[in-house]
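So you can see what is in the structure, the chains are spelled out below.
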Amino acid sequence: MAPGEKIKAKIKKNLPVRGPQAPTIKELMRWYCLNTNTHGCRRIVVSRGRLRRLLWILFTLTAVALIFWQCALLVASFYTVSVSIKVHFQKLDFPAVTICNINPYKYSVVRDLLADLEQETRVALKTLYGFPENTSRKRREAESWNSAWEGTRPKFLKLVPLMAFGQDETGEAKDFLTGRKRKFNGRIIHKASDATHVHLSKEVVGFQLCSNDTSHCALYTFSSGVNAIQEWYTLHYMNIMAQVPLEKKINMSYSAEELLVTCLFDGVSCDARNFTLFHHPMYGNCYTFNNRENETILSTSMGGSEYGLQVILYLNEEEYNPFLVSSSGAKVIVHRQDEYPFIEDVGTEIEPAMATSIGMHLTESFKLSEPYSQCTEDGSDVPISNIYKAAYSLQICLHSCFQTKMVEKCGCAQYNQPLPPAANYCNYQQHPNWMYCYYELHQAFVREELGCQAVCREACSFKEWTLTTSLAQWPSVVSEKWLLPILTWDQGQQIKKKLNKTDLAKLLIFYKDLNQRSIVESPANSIEMLLSNFGGQLGLWMSCSVVCVIEIIEVFFIDSFSIIARHQWQKAKEWWARRHAPAGPQGRDNPGLDVDDELPTFTSALRLPPAPGTQVPGTPPPRYNTLRLERAFSDQLTDTQVPAES
């Protein structure tokens, strides 16, 4: 390097450095405050007086805190939705309508299968209340009531004993089978709802369930003997019917021609061929109208009862099971064509000898999925296998989860729901422990201990029909005289008896109007709006822009970290040099004797230490006599004098 370049480099090295290349963070912050466009930072540096500077520091920090607070609120509100409701007037698709008789199977057909169970039920009723059932019908009047076992040993009461105990009695219960009291050490679970605050009677009826090894038992009690008997009967009924083949159960239930007497849709006649068979384990043969079986969906162009579905149902109350169902009528549910009809959960009951009018309003809902909500589009991201051959819904997920847990814990599936793959329904012969396991699992499901409620999510889009029900007596006293004979004649081939109005029910399902309401969720904010709000907050509190934000990031993060890293690197180099430097020769300890290859500069010369033992001469005092005026030219000639020539 040339001598001139070395001098320039030496001078540049020793000059004070400012800006992003400042040697310390303090100098960097001072430079930033003097050059930034955020006015608060500049006022901190240029303000005179400590009080004024302190106030500006407080104002600036408060503004920064408000910016962070407002920006946090903006980010938190970014994932909110706005709901818009739109009403359309258009031609509407008619929903699928599933109709079931409350009584699943004809009593005359299943009576032989349930004979032993009914005999033990009558004995339990007589033991509990001291009288037989009310035999109001002729066929039941002919039945002989016998409290003895007629040579057969009870098996249902032995498997699931019916018991009763008083409220003041603890640890003892009366067994219906033996009539004796016995000690009971298991848990007592009362099935009455806590929300209704049912008043307990003096004597509580229930049944006992035990595990395989009978080491764990539970006594399930009810506030009414009616509920206890029906629940006990239903458990054994499901166990018996679970062993009957499906084809045989379909034949034991009602056919479409028997259930549907007349049919009319949109002013056009229809019949049983317009209905699709759907077999439900607890309701027998159900029939679905407009099930898209032929890939066509019926629609209606007018509102009102005249343009909907009108059917007359034959209920045949004489064939009702007296212990399984305590009411008469039918159940109907309105649903989508690809949706499973949960008739036992949300079905509407139809009364006999009444005309039930159901007016509908259609509402479509469209929700936003993640990150706005936890809904799912089609259930593919839910870790529960859909055992129903239908579109995903929250009910399907919950029931599928329970059935899957039932198969895992109990080894079999609950009878009143579809079967999971490679599973069979519970029965005593193959699964003697299934009742106790089922009740324990059901209690855990209610307490949300199975995790189904946490895993299952609501569907993002769904249709919902709001139903308005009204009733009227049908047929009237005047019209039944001619109406019933005509219906009897029309159904002569299917029903070989005279129809009674208590065996019939009329159902009307229609749109009240063609106004379709759509509830649509949309994002309340967008990226553009979020950035605009950020800019407004920065400009309001700090008179700052995006360029200022980039400047802050550069100074406070990049430059500050580079200064810290440079200092640490310099310290590391000095430590490494001291550790590996060789020992110098004698006489070179004085740094003033070091020879510098570079040319000296004024700054480097000032930094040289004085030589030891020498006295640095100071500045001599001035010689004041030199300031005196002396006649320097004493021999000066006058202006007119001419020097002599030699």
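Residues numbered from 1 in each chain as written. Predicted model: local features only at pLDDT ≥ 70, side-chain atom pairs only at ≥ 80, totals over all residues. Heavy atoms only, no water.

1. Topic: the overall build of the chain
Part 1: Summing up its helical and strand segments, the chain has 19 helices and 21 strands in all.
Part 2: Sorting the 646 residues of the chain into buried and exposed places 39% on the buried side.
Part 3: Once local pairs closer than 6 in sequence are excluded, the contacts in the chain between residues at least 24 apart make up 73%.
Part 4: When the accessible surface of the chain is totalled, it reaches about 39100 Å², and 56% of it is carbon and sulfur. (Helix = DSSP H or I, 4+ residues; strand = E, 2+ residues; numbered from the N terminus. Buried < 20%, exposed > 50% of the residue type's maximum accessible area, 1.4 Å probe, protein only. Contact = heavy atoms within 4.5 Å. Areas by Shrake-Rupley, 256 points an atom, 1.4 Å probe, with all protein chains shown as cover.)

2. Focus on the state of the cysteines
Between two cysteines, a covalent bond joining their sulfur atoms is known as a disulfide.
Part 1: Throughout the structure, instances matching the rule amount to eight disulfides.
Part 2: Shown here is the disulfide that connects Cys100 with Cys286, its sulfur atoms set 1.9 Å apart. Across the S-S bond linking Cys100 and Cys286, the dihedral sits near 120°, which makes this disulfide right-handed. Within this pair, whereas Cys100 is found in strand 3 (residues 96-101), its partner Cys286 is found in strand 13 (residues 284-289), the two being separated by 186 residues in sequence. Taken as a pair, Cys100 and Cys286 share a single burial class, namely buried.
Part 3: One disulfide in the model links Cys210 with Cys217; its S-S distance is 2.0 Å. A torsion of 110° about the S-S bond marks the disulfide between Cys210 and Cys217 as right-handed. (Disulfide = S-S within 2.5 Å.)

3. Quick word on the UniProt feature "transmembrane region" (unreviewed entry) in the chain
Part 1: Residues annotated in UniProt with the feature "transmembrane region" (unreviewed entry) correspond here to residues 54-79.
Part 2: Across residues 54-79 one finds 88% helix and 0% strand; the C-alpha atoms that close the span lie 39 Å apart. (UniProt positions renumbered as here; feature names shortened; annotations may be inferred.)

4. Focus on the pattern of salt bridges
Part 1: If you walk through the whole model with that rule in mind, you get nine salt bridges.
Part 2: Among the ionic pairs, Lys106 bridges to Glu258, the shortest N-O distance being 2.9 Å. A residue pair is termed long-range when its members are at least 10 positions apart, and Lys106 in the loop between strand 3 and helix 5 (107-110) and Glu258 in helix 11 (residues 256-259) qualify at 152 residues. No difference in accessibility class separates Lys106 from Glu258, as the two residues are buried.
Part 3: Note that Asp271 and Arg273 form a salt bridge whose closest N and O atoms lie 2.7 Å from each other.
Part 4: Residue Asp271 is classed as partly exposed on the basis of its relative accessible area, which comes to 28%.
Part 5: A relative accessible area of 72% means that Arg273 is categorised as exposed.
Part 6: Three or more residues are tied together by salt bridges with common partners; here these are Glu370, Asp381 and Arg457. (Salt bridge = Lys/Arg side-chain N within 4 Å of Asp/Glu carboxyl O.)

5. Details of the pairing of strand 20 (residues 504-511)
Part 1: Counting buried positions along strand 20 gives seven out of eight residues, so the element sits mostly inside the fold.
Part 2: Pairing analysis gives six bridges linking strand 15 (residues 309-314) to strand 20, with the strands arranged antiparallel. By the bridge assignment, Leu309 is partnered in strand 20 with Ile509.
Part 3: As judged from the six bridges shared by strand 18 (residues 354-366) and strand 20, these two strands associate in the parallel manner. Note on strand 20: the bridge partner recorded for Thr356 is Leu507. (Pairing = 2+ DSSP bridges.)

6. Thoughts on the nonpolar core
Part 1: With 101 residues, the main nonpolar core has Phe94, Phe207 and Trp434 as its most contacted residues.
Part 2: Setting aside chain neighbours within four positions, we find Trp434 in contact with Leu235, Met238, Asn239, Met406, Cys412, Cys426, Asn427 and Tyr428.
Part 3: If you look at the next biggest cluster of nonpolar residues, it comprises 10 residues, including Val261, Tyr314, Leu484 and Leu504. (Core = buried A, V, L, I, M, F, W, Y, C linked by side-chain atoms within 4.5 Å.)

7. A short note on the packing of helix 2 (residues 25-35) against helix 3 (residues 39-46)
Part 1: Following both chains from N to C, one finds helix 2 and helix 3 inclined at 115°, their axes separated by 7 Å at the closest point. Like other packed secondary-structure pairs, helix 2 and helix 3 cross with a definite hand, here left-handed. From helix 2, Arg30, Tyr32, Cys33, Leu34 and Asn35 reach across to helix 3, where they touch Cys41, Arg42, Val45 and Val46.
Part 2: For the contact of helix 2 with helix 3, the residue count by class is six nonpolar, one polar and two charged. (Axes fitted to C-alpha atoms, helices over the stretch in contact; angles between N-to-C directions. Left-handed = near helix turned anticlockwise from the far one by under 90°. Nonpolar A, V, L, I, M, F, W, Y, C, P; charged D, E, K, R; others polar.)

8. So, the packing of helix 3 against helix 4 (residues 50-76)
Part 1: Where helix 3 meets helix 4, the closest approach of the two axes is 8 Å, and the angle between their N-to-C directions is 160°. Between helix 3 and helix 4, the angle is such that the two are roughly antiparallel. Between helix 3 and helix 4 lies a crossing whose hand is left-handed. Residues Gly40, Cys41, Arg43, Ile44 and Val45 of helix 3 form the contact with helix 4, whose own contacting residues are Arg53, Trp56, Ile57 and Thr60. (Parallel < 35°, antiparallel > 145°, perpendicular 65-115°, else oblique.)

9. What about the packing of aromatic side chains?
Part 1: Per the stated rule, a full pass over the model turns up 21 aromatic pairs.
Part 2: Aromatic pair Phe94 and Tyr511: ring centres 6.1 Å apart, planes at 90°, arrangement edge-to-face. On the criterion of sequence distance, the pair formed by Phe94 in the loop between strand 2 (92-93) and strand 3 and Tyr511 in strand 20 is long-range, its members being 417 residues apart. The exposure classification of Phe94 matches that of Tyr511, with both residues buried.
Part 3: Note on Tyr340 and Phe342: the rings are 4.9 Å apart at their centroids and 65° apart in plane angle, and the pair reads as edge-to-face.
Part 4: The exposure class assigned to Phe342 is buried, which follows from its relative accessible area of 2%.
Part 5: Here the aromatic cluster, defined as three or more aromatic residues joined through ring pairs, consists of Phe207, Tyr220, Phe222, Phe402, Trp434, Tyr438, Tyr439 and Phe445. (Phe/Tyr/Trp six-rings, centres within 6.5 Å; stacked < 30°, edge-to-face > 60°.)

10. Some points on unusual backbone geometry
Part 1: Cis geometry marks the peptide bond from Glu370 to Pro371; its omega dihedral reads 5°.
Part 2: If you trace the backbone, Pro371 turns up in the loop between strand 18 and helix 13 (394-410).
Part 3: A cis amide bond, omega -15°, links Trp474 with the succeeding residue Pro475.
Part 4: Mapped onto the secondary structure, Pro475 falls in the loop between strand 19 (461-473) and helix 16 (480-490).
Part 5: Even without being glycine, Asn290 reaches a positive phi, approximately 60°.
Part 6: Mapped onto the elements of the fold, Asn290 is located in the loop between strand 13 and strand 14 (299-300).
Part 7: Of the residues examined, Asn290 reaches a relative accessible area of 5% and is grouped as buried.

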